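Structural overview for review
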Amino acid sequence: MNKIEDIEQFAKDNYIPIARKKTVQFMIDIISKNNYKSFLEIGTAIGYTTIVLKQKFEYLKIVTIEKNQKRISLALDNFNDFNLLDKLSFLQEDALNYQLDDKFDLIFIDAAKKKNKFFLEKFKNNLNANGTIIIDNMNLDDLWTNAKPKKKDYYDKINQELISYLSTNNEYEVTFHYDIGDGIAVIKLK
Ligand code: SAM
């Protein structure tokens with residue numbers, strides 16, 4: 001696929017969750033406004049967000065992590081089609097265990113939703129001063145397209161716990177934007 005619209009359509013047809021346009025636009029704005037130079041994405045899926053950001057900001061250093069073999073191979077095809085294979089760092093790893101030493105200006109947590117808190121606590125150590133962390137799907141709407149209904153209560157509970165943790169932990173300055181995409185949490189470290 002070598003058009004962004006084709007990736008969007010493919011994701012839709014194959015029930016692959018990707019960030020919504022408004023969420024990606026929010027990240028574009030935040031990168032521009034803060035003159036951010038580096039981006040870490042937890043959960044690549046088929047490379048959608050990475051490709052949009054890299055097209056917009058050629059200089060942006062991008063590291064993106066994906067563990068699912070099928071999606072890795074789709075992302076590799078897409079990165080290749082967009083001529084980006086050697087212009088970004090694609091880690092084919094489980095982010096739960098992977099240790100990164102580099103620091104980033106913007107970190108996008110968009111992997112297994114039940115692991116959001118774990119990923120936040122792990123990857124906040126990779127955030128530059130004045131950096132921003134964004135957690136996607138705070139509304140969990142996109143999840144139900146793919147998840148079994150009986151899991152809804154379980155995920156709702158975990159999401160509520162995350163909201164309460166983010167709202168009460170003194171380490172973070174958090175704003176929730178439930179109207180952007182599927183809802184995002186925007187986190188700065190105090
Ligand atoms: N961020 C992508 C985008 O906007 O184009 C969409 C990512 S999709 C919502 C979530 C992805 O995270 C899935 O492809 C899933 O396989 C991956 N994922 C889940 N847990 C992971 C983990 N522990 N390590 C790496 N990837 C993981």
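One can find the structure itself at the top, above this paragraph.
Presented here is a report on the structure given in the accompanying data block. It should be emphasised that the depicted structure is a prediction, and the values quoted were computed from it without experimental measurement.

A few words now on the pattern of salt bridges. This structure, assessed with the given rule, holds eight salt bridges. Between glutamate 161 and lysine 157 there is a salt bridge, with the nearest N and O atoms lying 3.2 Å from each other. One end of the pair, glutamate 161, and the other, lysine 157, are both in helix H7 (residues 152–168), four residues apart, so they sit about a helical turn from each other. Residues participating in the shared-partner salt-bridge network are Arg20, Asp142 and Asp182.

We now examine the environment of leucine 189. Structurally, the position occupied by leucine 189 is in strand E7 (residues 184–189). Along the chain, leucine 189 and lysine 56 lie 133 residues apart, while their C-alpha atoms are 26 Å from each other. When sequence neighbours within four positions are dropped, the list of residues in contact with leucine 189 reads Lys124, Leu127, Glu171 and Tyr172.

The first and last C-alpha atoms of helix H4 (residues 69–81) sit 18 Å apart over 13 residues, in line with the 18 Å expected at 1.5 Å per residue. Turning to H4, its buried residues are Ile72, Ala75, Asn78 and Phe79. Each buried residue of H4 sits inside an arc of 130 degrees when the element is viewed along its axis, so together they form one side. Among the exposed residues of H4, those oriented more than 90 degrees off its buried face are Gln69 and Lys70. Those residues of H4 hidden inside the fold are in contact with helix H1 (4–13), helix H3 (48–56), strand E2 (61–65) and strand E3 (89–91). Just downstream of H4 lies asparagine 83, where phi reads positive at about 60 degrees.

Our focus in this paragraph is the nonpolar core. Counting residues in each nonpolar core, the largest one holds 36 residues, and the members touching the most others are Ile31, Phe39, Leu53, Leu106 and Ile134. Considering every element that reaches this core, the biggest residue donor is helix H2 (residues 21–34), with six residues.

A few words on the side chain of asparagine 78. Here asparagine 78 lies in helix H4. Setting aside its immediate chain neighbours within four residues, asparagine 78 contacts Met1, Ile7, Ile46 and Ile51.

This next bit is on the layout of surface pockets. Size it by volume and the largest pocket reaches roughly 870 Å³. Lining of the largest pocket is provided by 35 residues; of these, Pro17, Arg71, Asp110, Ala111 and Ala112 occupy positions nearest its centre. Only strand E1 (38–42), H3 and helix H6 (143–146) provide two or more residues apiece to the lining of the largest pocket. Of the residues belonging to the lining of the largest pocket, the class tally is 15 nonpolar, six polar and 14 charged.

Definitions and cut-offs
- Residues numbered from 1 in each chain as written.
- Predicted model: local features only at pLDDT ≥ 70, side-chain atom pairs only at ≥ 80, totals over all residues.
- Heavy atoms only, no water.
- Salt bridge = Lys/Arg side-chain N within 4 Å of Asp/Glu carboxyl O.
- Helix = DSSP H or I, 4+ residues; strand = E, 2+ residues; numbered from the N terminus.
- Contact = heavy atoms within 4.5 Å.
- Expected span 1.5 Å × (residues − 1).
- Buried < 20%, exposed > 50% of the residue type's maximum accessible area, 1.4 Å probe, protein only.
- Arc of directions from axis to C-beta.
- Core = buried A, V, L, I, M, F, W, Y, C linked by side-chain atoms within 4.5 Å.
- 1 Å grid on protein atoms, 1.4 Å probe; cavity = no way out; pocket = protein on both sides within 12 Å on 5 of 7 lines; lining within 4 Å.
- Points joined across faces, edges and corners; volume = space filled by probe spheres on them.
- Nonpolar A, V, L, I, M, F, W, Y, C, P; charged D, E, K, R; others polar.

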